2 protein chains.
Amino acid sequence: MKIAVDAMGGDYAPQAIVEGVMMAATEFPDLSFQLYGKESAIREYLTTEKNITIIHTDEKINSDDDPVRAIRRKKEASMVLGAQAVKNGEADALFSAGNTGALLTAGLLIVGRIKGIDRPGLMPTLPVLNSDKGFNLMDVGANADTKPENIHQYAILASYYAKYVRGIENPTVGLLNNGTEAGKGNDLTKKAYELLTNDKSIHFIGNVEARELLNGVADVVVTDGFTGNAVLKTIEGTGMSMMKLIKSAISDNGAKGKLGGLLLKDGLYAIKDKLDYSKHGGAALIGLKAPVVKTHGSTGKESVYYTIKQIREMLQTNVIGDLVDYFENQAK
Amino acid sequence: MKIAVDAMGGDYAPQAIVEGVMMAATEFPDLSFQLYGKESAIREYLTTEKNITIIHTDEKINSDDDPVRAIRRKKEASMVLGAQAVKNGEADALFSAGNTGALLTAGLLIVGRIKGIDRPGLMPTLPVLNSDKGFNLMDVGANADTKPENIHQYAILASYYAKYVRGIENPTVGLLNNGTEAGKGNDLTKKAYELLTNDKSIHFIGNVEARELLNGVADVVVTDGFTGNAVLKTIEGTGMSMMKLIKSAISDNGAKGKLGGLLLKDGLYAIKDKLDYSKHGGAALIGLKAPVVKTHGSTGKESVYYTIKQIREMLQTNVIGDLVDYFENQAK
């Protein structure tokens, strides 16, 4: 299984990328890696070349580049070369921690959509706070404007993922809505509700509210990319703000606070650990002909490692191959 | 200033409502109250009748009633009679902790919109976690489907509120979007951005992301009611889940955890206090001819008290009267 790696994307590239790839290469000898990027910069951190090849390029896409223009004009950028390798069958999957919009564009324009899929969606696996489970939220922002049919396809795509990669036999699917009762919602969710109800191939459990997401209300939650983006960022923002408040509660209450913090250290680390969903890997762009997965730009080597582990699961289980078959048969 | 009170709405009605009203009546002798509801049930908790009148009715709207049907058919319901009193000029404002949808409907159909306002919006004041400030989020669900013009009006309505009631001289207005750069967004937010940029009567600062809301990125944040509802519920859900995790960190770590919790007690209560935004009052339905304000159904007497205090501010500052003038002049 060959993974094309954009070694130049993300705030700590290429160091974090190279180190994460080496961790994965050591643990998974069935993987081989193509590192796209500046060879001299990569070599600074590369201590083993077992199953790792460097493909040198000087060009890269920056975090503030306009996505579409960057993909069209920077033909030699590390991300573009990686996507080309997938397209040409020289690699089976693409990893990047770079510019999200550019990666979405490279996925669409170079790797290409599964036949029958209108809009691929971006899908992280988020934590359920009162258990070790997680849930998939799709779409978190690949598409700002969404049709009911897109949401229906997200449900199928994410259900496949939850079943194949996360091993959930008959994953429950909830539609994010402004109330749980049938008939609730805006024009979009009312129509999506109908499509989801009528599709017996998925395990649709109805509307779910944002308040219940972290309680594991469903294995898969589907929504339009604008709302999903706002919800994901609200979870992140609220979680970070609360962690800061906890830190202040410890540091602003003198010796008593500091001792209390020390005694609760393990428990509080466990909270931080719960919120950190990088163990589930990155956000997968699902609906393309091959796995294309993105981690946070601020990612460290561990997140890179976990995301490669996730890509390996996607390749081993052939989830994308089976999705291609499913939608091609639908189209017949 | 006369406030019509739906004494029968909310999980702890009429007790919490009656007790909260008495607290407010004691502190604010310039207010008088009309309590609509079952007289015998109200009298169980009423220990003073100073500035408080009971208007008996047996009918009430339940939390699971269909909003529009309930308002149309239950002509004698406590909420409906309260709204009628406002319409007829017998009361200046309406308070309820009951069925949100029904209150929105009563506001629209009985109290009536300000001339020139297409869609009133529902607007709470939410906490900023690293300061004592708050911010107004509008709309959190009065309207599931929203036009750019609605969002523009929310910005004007909420700016008036922030200025008059919260005393912020030139309140900043942010548009909730999926990125901060101009040009980001879906079809709706792109068009709303244009309208907001071109209105020099408001202090528009551009797009804001959900991640920054609790950091006080703007005094007023406007969004469509579907997204606003999801964001509000995500803040609540994430906050509650994290408080539970903190409790587990204390209770699941033996004697060490319990001692740590004890030492940090003040700091942790301060966090809970920060998250509780009831001190700012309830969610105001803005765009109507008179103040109509809703508190959570699970509200206690303190929230009732704070919401009445908020209504008093709205009446004293004449924010709604001046909004009526503003939009009537616009229409000319």
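Look above for the structure.
Residues numbered from 1 in each chain as written. Chains lettered and ligands numbered in written order. Predicted model: local features only at pLDDT ≥ 70, side-chain atom pairs only at ≥ 80, totals over all residues. Heavy atoms only, no water.

(A) Inspection of the overall build of chain A at higher detail. The secondary structure content of chain A amounts to 12 helices and 12 strands. Here the C-alpha atoms of chain A give a radius of gyration of 20 Å, agreeing with the 20 Å that 2.2 N^0.38 yields for 332 residues. With the principal axes as the frame, chain A shows a C-alpha extent of 70 × 55 × 35 Å. Looking at the 332 residues of chain A, the share that counts as buried comes to 59%. Per element, the accessible surface of chain A, about 13,600 Å² overall, is 48% carbon and sulfur. Charged side chains of chain A number 38 positive and 40 negative; the gap between the two group centres comes to 2 Å. (Helix = DSSP H or I, 4+ residues; strand = E, 2+ residues; numbered from the N terminus. Rg over C-alpha atoms; globule rule 2.2 N^0.38 Å. Buried < 20%, exposed > 50% of the residue type's maximum accessible area, 1.4 Å probe, protein only. Areas by Shrake-Rupley, 256 points an atom, 1.4 Å probe, with all protein chains shown as cover. Lys, Arg positive; Asp, Glu negative; His and termini not counted. Charge placed at Lys NZ, Arg CZ, Asp CG, Glu CD.)

(B) Quick peek at the interface of chain A and chain B. Taken together, the contact between chain A and chain B spans 52 residues of the former and 52 residues of the latter. Taking both partners together, chain A and chain B bury about 4,400 Å²; carbon and sulfur atoms supply 70% of that area. Asp266(A) serves as the salt-bridge partner of Lys256(B), at 3.9 Å between the closest nitrogen and oxygen. Seen at the junction of chain A and chain B, the total is eight residue pairs in polar contact (both at pLDDT 80 or more). Sorting the residues of the side of chain A that touches chain B by element identifies helix H7 (187-198), helix H8 (225-251), helix H9 (254-263) and helix H10 (265-275) of chain A as the ones contributing at least two each. Tallying contributions element by element places H8(A) first for the side of chain A that touches chain B, with 21 residues. In terms of residue class, the side of chain A that touches chain B is made up of 22 nonpolar, 19 polar and 11 charged. (Contact = heavy atoms within 4.5 Å. Buried area = accessible area lost by both parts, 1.4 Å probe. Salt bridge = Lys/Arg side-chain N within 4 Å of Asp/Glu carboxyl O. Polar contact = N/O pair within 3.5 Å; in protein donor to acceptor, adjacent residues only side chain to side chain. Nonpolar A, V, L, I, M, F, W, Y, C, P; charged D, E, K, R; others polar.)

(C) A look at unusual backbone geometry. The peptide bond linking Ala13(A) to Pro14(A) adopts the cis configuration, its omega dihedral lying at 0°. Turning to its location among the elements, Pro14(A) is positioned in the loop between strand S1 (2-6) and helix H1 (15-27). Each neighbour pair has its own omega, and for Met138(B) with Asp139(B) the value is 10°, a cis peptide bond. In this fold, Asp139(B) is placed in the loop between strand S7 (134-138) and helix H6 (148-164). Despite not being glycine, Asn51(A) has its phi angle at roughly 60°, a positive value. Positionally, Asn51(A) belongs in the loop between helix H2 (39-43) and strand S3 (52-56). One non-glycine residue, Asn318(B), adopts positive backbone phi at about 55°. With respect to the helices, strands and loops of the structure, Asn318(B) is situated in the loop between helix H11 (301-316) and helix H12 (319-331). Taking relative accessible area as the criterion, Asn318(B) reaches 40% and is therefore assigned partly exposed.

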